[in-house]
Amino acid sequence: MRGSNGRTLYRIPQSGKIAGVCAGIADYFAIETWLVRVLAASIFLLGGSGVVFIIYVALWVILDIKPQKHYDRDDIELKKKPWQSGEPAKQALSDVNRQFRSLEIRLQNLERHVTSDNFDLKRQINSL
């Protein structure tokens, strides 16, 4: 199934618990797999058990398995969290701390610019 975003809906059994349908849906919509699983399980448990089960089995049968050529090594590396990179915990914590400090400085600079008199003056001149 090819969507409007140019992506194709596959199932990914390597990342899935049963058949990889939830993993495929999560990949298609670029959201976390656990979120799709929780949503499906919630609907299943809250009374939509027949509908969810039928849709899951239908997608299991209809969807193709995602070919290996679609797995990008860089994409897998981007999904890794700092603590999953194999580096020691102290180094990972240091890296995360450095990233947060960098973001904090950027945010402070942005706030300083937006609250400055020059920004307000430029905005007023542009509105004329």
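The following paragraphs examine the structure supplied in this document. Keep in mind that what you see is a predicted model, and the values were worked out from it rather than measured.

1. Here we look at the overall build of the protein chain
- Broken down by element type, the protein chain carries 6 helices and 0 strands.
- Secondary structure of the protein chain in N-to-C order comes out as α-α-α-α-α-α.
- Counting over 128 residues, the protein chain shows a buried share of 18%.
- Considering only contacts in the protein chain between residues 6 or more positions apart, those separated by 24 or more positions represent 41%.

2. Some thoughts on the side chain of Lys-66
- Looking at the secondary structure, you find Lys-66 in the loop between α3 (49–62) and α4 (73–79).
- Residue Lys-66 is classed as buried on the basis of its relative accessible area, which comes to 11%.
- Among the polar contacts made by the side chain of Lys-66, one reaches the side chain of Asp-27 at a distance of 2.8 Å.

3. Thoughts on helix α1 (residues 21–29)
- Across the 9 residues of α1, 7 count as buried, placing the element largely inside the fold.
- All buried positions along α1 are accounted for by Val-21, Cys-22, Ala-23, Gly-24, Ala-26, Asp-27 and Tyr-28.

4. Quick word on unusual backbone geometry
- Unusually for a residue other than glycine, Ala-30 sits at a positive phi of about 55°.
- Along the polypeptide, Ala-30 turns up in the loop between α1 and α2 (33–45).

5. Focus on the packing of α1 against α2
- As a packed pair, α1 and α2 sit with axes 8 Å apart at the nearest point and diverge in direction by 125°. For the element pair α1 / α2, the angle class is oblique. Seen along the crossing, α1 lies across α2 with a hand that is right-handed. Residues Cys-22, Ala-23, Ile-25 and Ala-26 of α1 form the contact with α2, whose participating residues are Thr-33, Val-36, Arg-37 and Ala-40.
- Among the residues making up the contact of α1 with α2, the classes are represented as 6 nonpolar, 1 polar and 1 charged.

6. Some points on the pattern of salt bridges
- Overall, the coordinates contain 3 salt bridges when judged by the stated rule.
- Close ionic contact of Lys-66 with Asp-27 constitutes a salt bridge, the shortest N to O distance being 2.8 Å. Separated by 39 residues along the polypeptide, Lys-66 in the loop between α3 and α4 and Asp-27 in helix α1 bring together distant segments of the chain.
- With its nearest N and O atoms 3.0 Å apart, the salt bridge here joins Asp-95 to Arg-98. One end of the pair is Asp-95 and the other is Arg-98, both in helix α5 (residues 89–114) and 3 residues apart, which spans about a single turn.
- Judged by its relative accessible area of 14%, Asp-95 falls in the buried class.

Conventions and cut-offs
- Residues numbered from 1 in each chain as written.
- Predicted model: local features only at pLDDT ≥ 70, side-chain atom pairs only at ≥ 80, totals over all residues.
- Heavy atoms only, no water.
- Helix = DSSP H or I, 4+ residues; strand = E, 2+ residues; numbered from the N terminus.
- Buried < 20%, exposed > 50% of the residue type's maximum accessible area, 1.4 Å probe, protein only.
- Contact = heavy atoms within 4.5 Å.
- Polar contact = N/O pair within 3.5 Å; in protein donor to acceptor, adjacent residues only side chain to side chain.
- Axes fitted to C-alpha atoms, helices over the stretch in contact; angles between N-to-C directions.
- Parallel < 35°, antiparallel > 145°, perpendicular 65-115°, else oblique.
- Left-handed = near helix turned anticlockwise from the far one by under 90°.
- Nonpolar A, V, L, I, M, F, W, Y, C, P; charged D, E, K, R; others polar.
- Salt bridge = Lys/Arg side-chain N within 4 Å of Asp/Glu carboxyl O.

Interpretation note: all reported values are geometric properties and have no functional meaning in isolation.
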